[in-house]
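Secondary and tertiary structure notes
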Amino acid sequence: HRRLRTLAASVLFRIPVVREIALWTGCVDASRKTAERNLDKGHSLVVLPGGEAEQLMTEHGREKVYLKSRKGFIKLAMRKRCPVV
């Protein structure tokens, strides 16, 4: 039985009340170190690629995925031999 963790922006863990809510809902810092540590512990990770800048580029009724410079999670999955689904 794997525990599910959601990667969340590091800045969220610097805001006192927001940090507690993020941790309570199973979020962890989206840093490479934290992601690796959670995979090593056998946790599954939810990754929402793209950052704050990409979130501001949304268009109503249109779906886009911005991955040009957001491939670290793929490289980590390959290194740790984890499936990406």
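Refer to the structure printed above.
What counts, and where the lines are drawn
Per chain, residue numbering runs from 1 following the sequence as it is written. This being a predicted model, a pLDDT of at least 70 is required before a residue's local features are given, and a value of 80 or more before pairs of side-chain atoms are given or counted; all residues contribute to the totals for chains, interfaces and linings. Side-chain figures throughout are based on the complete set of non-hydrogen atoms in the structure, without hydrogens or water. To count toward a patch, a residue needs a relative accessible area over 30% and no salt bridge; like charges are then connected within 9 Å, while nonpolar side chains (Val, Leu, Ile, Met, Phe, Trp, Tyr) are connected within 5 Å. The protein chains shown are the only cover counted for residues, whose accessible areas, like all others here, come from Shrake-Rupley with a 1.4 Å probe. Salt bridge, as used here: a side-chain nitrogen of Lys or Arg that lies within 4 Å of a carboxyl oxygen of Asp or Glu. Only DSSP runs of H or I covering at least 4 residues are called helices, and only runs of E covering at least 2 are called strands; the numbering of each starts at the N terminus. Burial status follows relative accessibility: with a 1.4 Å probe on protein chains alone, a residue under 20% of its type maximum counts as buried, one over 50% as exposed, and anything between as partly exposed. By convention a nonpolar core is built from buried Ala, Val, Leu, Ile, Met, Phe, Trp, Tyr and Cys residues, the set being connected through side-chain atoms within 4.5 Å. Should any heavy atoms of two residues lie within 4.5 Å, those residues are considered in contact.

1. Considerations on a nonpolar patch on the surface
On the surface, a cluster of nonpolar side chains totalling about 210 Å² of accessible area is made up of V11, I15 and V18. Tracing the backbone shows I15 in the loop between strand 1 (4-8) and helix 1 (16-24).

2. Some words on the environment of G72
Note that G72 resides in helix 4 (residues 72-80). On the accessibility criterion, G72 (41% relative accessible area) is partly exposed. The spacing of G72 and F13 is 59 residues in sequence and 21 Å in space, taken between C-alpha atoms.

3. Some details on the nonpolar core
Counting five residues, the largest nonpolar core consists of L7, V28, A35, L39 and L76. Residues contacting L76, with those up to four places away along its chain left out, are A35, E36 and L39.

4. Observations regarding the pattern of salt bridges
Inspection of every chain in the model, using the stated rule, returns five salt bridges. Residue E20 pairs with R19 through a salt bridge whose shortest N-O separation is 3.5 Å. A single network of salt bridges, built from pairs that share partners, joins E36, D40, R79 and K80.

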